[in-house]
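So you can see what is in the structure, the chains are spelled out below.
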Amino acid sequence: MLIALPISELTPGMFVDSVTKQHEGLNSIKIKTSGLVRNQAIIKRLVTEGVLELLIDFTKGDAAIPDKYKPKSASPQKSTTSSSKTKPPAVKPAITLEQEFAKASINFEQHNRKLQALYGDVTTGLSVNLKVIDEMANDIVSSVFRNTSAMTILTRIKDKHSYNWRHMINCAIFTAVFAKYLGYKEEAVQQLAMGALLHDLGQAKLPQGIISRPSKLTSSEMDIIKRHVAQGLGLVKGEKGITPLILDMIVNHHERLDGSGYPRGITAEKLSRPARIMAIVDVYDALTADRPHQEGDEPINALRYLLANKELFDAELVQHFIKCLGVHPVGTIVKLTNERLALVLEGNKLNPIKPKVKLFYNAKHGHHVTPKDLDLNEPDQSIKIVSSIKPLDYQINLARLLKEHLLN
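A.B. asks: What is the right way to look at the packing of aromatic side chains in this model?
C.D. replies: Aromatic ring pairs: the centre-centre distance and the angle between the two ring planes describe each pair. One pass over the structure, following the stated rule, counts 7 aromatic pairs. Measuring from centroid to centroid gives 5.2 Å for Phe174 and Tyr284, while their planes differ by 90 degrees, and the two rings are edge-to-face. One end of the pair, Phe174, is in helix H5 (residues 163–182); the other, Tyr284, is in helix H11 (residues 273–288), and 110 residues separate them in sequence. Note on Phe360 and Tyr361: the rings are 6.2 Å apart at their centroids and 50 degrees apart in plane angle, and the pair reads as tilted.

As structure tokens, this is what we get:
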């Protein structure tokens, strides 16, 4: 059980999962990412280092959960038989977006570096380190199950020079979020996330000059690109931990319902649900990401494309995907009817056009304003979203903006 505690409530015997808040301007914490608090000296050092809040894992260590953080149970009822003494299911405490974002942002960058290195290894002829992939999948899925929005927001940060590996990480995040929304158990989501991380790795075996070409590819070059499916399959087939589900996602993520996809041109009746999920996620991220040959489109346009092509993509799953992400996904900057810009923080599953946002910028006069949280779904709320905007249109650095508003 993970619970965020202020430093004042930290006691020996607690197991620190991560530091979630720290005074600005201080150096990074010179302690392990996680570890047992053995004595008061460690607590004093954390205070000296400027730590304000920590994420405590009460499934580890020796300390009991403080009473005020224990889940409230229903009023006890007298039981008439011994069989009625069943324990209620454990309730996981909610981890706030800010708490999870602190850890997710560190992991996201670490995953990018690891996958970049792994991609480079495969390009030079080395084998795939599947242990690294499995660890990344586990971290992503664990984060998504703690708080769905934190990792998802990070997918909005674009970098065309690192598209190859960012695309695989983004797809793993979207797949985990979508699978959780669809009701998959955590163990199954882990497999789906691993399939997403591996789905395009075969591109590392292709001529990188074609992969990073800043102009549109010729038909013969596209034929070469299509070989990445077979290359990806060859990299992992028969390896320990690679399940039929993972292989299915790698082989069939470019297949389409009408048989127009590749490599085999199979049709709807032969396409599994995981393959259909992977196809939707793969195209969505490819359309919204900056790539060597194109600027990323806005999420709403990518969703419209998926919705309009019912002969290619599972229409029912696309509808669920839109409800899952929202018309304006978390991390998107939107313009409001009051001439303010706002950052989308939390989607609204029942009414996707009315998410929770953080207002931060006066678009009319071109300056930042005091941040204000706004729930556009409140009954008396008249403010609406006009459109999504590209950060660079207002000289906004999205990565810096996220740190300013989610790490304080």
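Alright, that's what it looks like, and here's the rest.
A.B. asks: I tried to follow helix H10 (residues 244–252) on my own but got confused; where do I start?
C.D. replies: Since the α-helix turns once every 3.6 residues, residues separated by three or four places project in the same direction. With 7 of 9 residues buried, H10 lies mostly within the body of the structure. For H10, the full list of buried residues reads Ile246, Leu247, Asp248, Met249, Ile250, Val251 and Asn252. Those residues of H10 hidden inside the fold are in contact with H5, helix H6 (186–198), helix H9 (228–236) and H11.

A.B. asks: Can you help me understand the sheet that holds strand E1 (residues 2–6) in this one?
C.D. replies: Consider a sheet: its strands pair through backbone hydrogen bonds, and that pairing is either parallel or antiparallel. Overall, antiparallel pairing links the 4 strands, which are arranged E1-E4-E2-E3 in an open sheet. The open sheet has two edge strands, E1 and strand E3 (35–36), and neither has a second partner. Judged from the 5 bridges that link them, E1 and strand E4 (residues 51–57) form a sheet pairing that is antiparallel. Among the inter-strand pairings, Leu5 is bridged to a residue of E4, identified as Leu54. Across the face of the sheet, helix H2 (residues 97–123) comes into contact with E1, strand E2 (15–22) and E4 while running at roughly 105 degrees to E2.

A.B. asks: Mind showing me how you'd approach H11 here?
C.D. replies: The end-to-end C-alpha distance of H11 is 23 Å, a good match for the 22 Å that 16 residues give at a rise of 1.5 Å each. Burial within H11 is extensive, with 14 of its 16 residues counted as buried.

A.B. asks: Explanation requested: the environment of Lys358 in the structure shown.
C.D. replies: Among the secondary structure elements, Lys358 is positioned in strand E7 (residues 356–362). Separated by 290 residues in sequence, Lys358 and Lys68 place their C-alpha atoms 29 Å apart. There is a polar contact of 3.0 Å between the side chain of Lys358 and the side chain of Asp373.

A.B. asks: Explanation requested: the pattern of salt bridges in the structure shown.
C.D. replies: Two side chains bearing opposite charge may form a pair once their charged atoms approach each other closely. Taken as a whole and assessed by the stated rule, the structure comprises 9 salt bridges. The salt bridge involving Asp314 is made with Arg276; its shortest N-O contact spans 2.9 Å. Remark: Arg276 occurs in helix H11 and Asp314 occurs in the loop between helix H12 (299–308) and helix H13 (315–325); sequence separation between them is 38 residues. Per residue, the accessibility class of Asp314 equals that of Arg276, and both read buried. Where Lys358 meets Asp373, a salt bridge forms, and the shortest distance between an N and an O atom there is 3.0 Å. Here the residue Lys358 occupies a position in strand E7, and Asp373 occupies one in strand E8 (residues 367–375), the gap between them amounting to 15 residues. A residue is classified by how much of its surface remains accessible, and Lys358, at 11% relative accessible area, is buried.

A.B. asks: Just to check I follow, could you spell out the sheet that holds E7 for this structure?
C.D. replies: Read across the open sheet, the 5 strands follow the order E8-E7-E6-E5-E9; overall the sheet is antiparallel. Because the sheet does not close on itself, it has two edges, and the strands there are E8 and strand E9 (385–389). Going from strand to strand, the sheet's axes swing by 30 degrees on average, the running direction of each strand aside. Note: strand E5 (residues 333–336) against strand E6 (residues 340–346), 3 bridges, orientation antiparallel. Opposite Lys335, over in E6, you have Leu341 as the bridge partner.

A.B. asks: I keep staring at the packing of H11 against H13 and nothing clicks. Help me out?
C.D. replies: Each packed pair of helices is defined by two parameters, the angle between the axes and the distance between the axes. Look at H11 against H13: their axes get within 11 Å of each other, and the N-to-C directions meet at 55 degrees. The angle between H11 and H13 places the two elements in the oblique class. The handedness of the crossing between H11 and H13 comes out as right-handed. Contacts between H11 and H13 pair Arg273, Arg276, Ile277, Ile280, Val281 and Tyr284 from the former with Leu317, Val318, Phe321 and Leu325 from the latter. Residues of the contact of H11 with H13, tallied by class, amount to 8 nonpolar, no polar and 2 charged.

Conventions we followed
- Within every chain, residues take consecutive numbers counted from 1 along the sequence as written.
- Per-residue local features are limited, in this predicted model, to residues with pLDDT of at least 70; the limit for side-chain atom pairs, both in listing and counting, is 80 or more; totals at the level of whole chains, interfaces and linings are taken over all residues.
- Based on all heavy atoms of the structure, the side-chain values leave hydrogens and waters out of the count.
- Put simply, two rings from Phe, Tyr or Trp (the six-membered ring, in Trp's case) pair if the centres are within 6.5 Å, and we call them stacked under 30 degrees between planes, edge-to-face over 60, tilted for the rest.
- Helix numbering and strand numbering both begin at the N terminus, where a helix is a DSSP run of H or I of at least 4 residues and a strand a DSSP run of E of at least 2.
- Only protein chains enter the accessibility calculation, which uses a 1.4 Å probe. A residue is then buried if its area is under 20% of the maximum for its type, exposed if over 50%, and partly exposed in between.
- What makes two residues a contact is simply this: any of their non-hydrogen atoms within 4.5 Å.
- Strands are labelled as partners when DSSP assigns at least two bridges between them.
- Lines fitted to C-alpha atoms define the axes here, with helix axes fitted over just the stretch in contact, and angles between the N-to-C directions of these axes take values from 0 to 180 degrees.
- For a helix, the expected span equals 1.5 Å multiplied by the number of residues minus one.
- Any pair of N or O atoms that falls within 3.5 Å is considered a polar contact. Within protein, one atom must be able to donate a hydrogen and the other to accept it, and sequence-neighbouring residues count only if both atoms are side-chain atoms.
- Only one rule defines a salt bridge in this text: a Lys or Arg side-chain nitrogen within 4 Å of an Asp or Glu carboxyl oxygen.
- These descriptions rest on fixed angle ranges, namely under 35 degrees for roughly parallel, over 145 for roughly antiparallel, 65 to 115 for roughly perpendicular, and the rest for oblique.
- In this scheme, a crossing is called left-handed if the near helix is turned counterclockwise away from the far one by less than a right angle; it is called right-handed if the turn is clockwise.
- Each residue gets one of three labels, nonpolar for Ala, Val, Leu, Ile, Met, Phe, Trp, Tyr, Cys and Pro, charged for Asp, Glu, Lys and Arg, and polar for the others, Gly among them.

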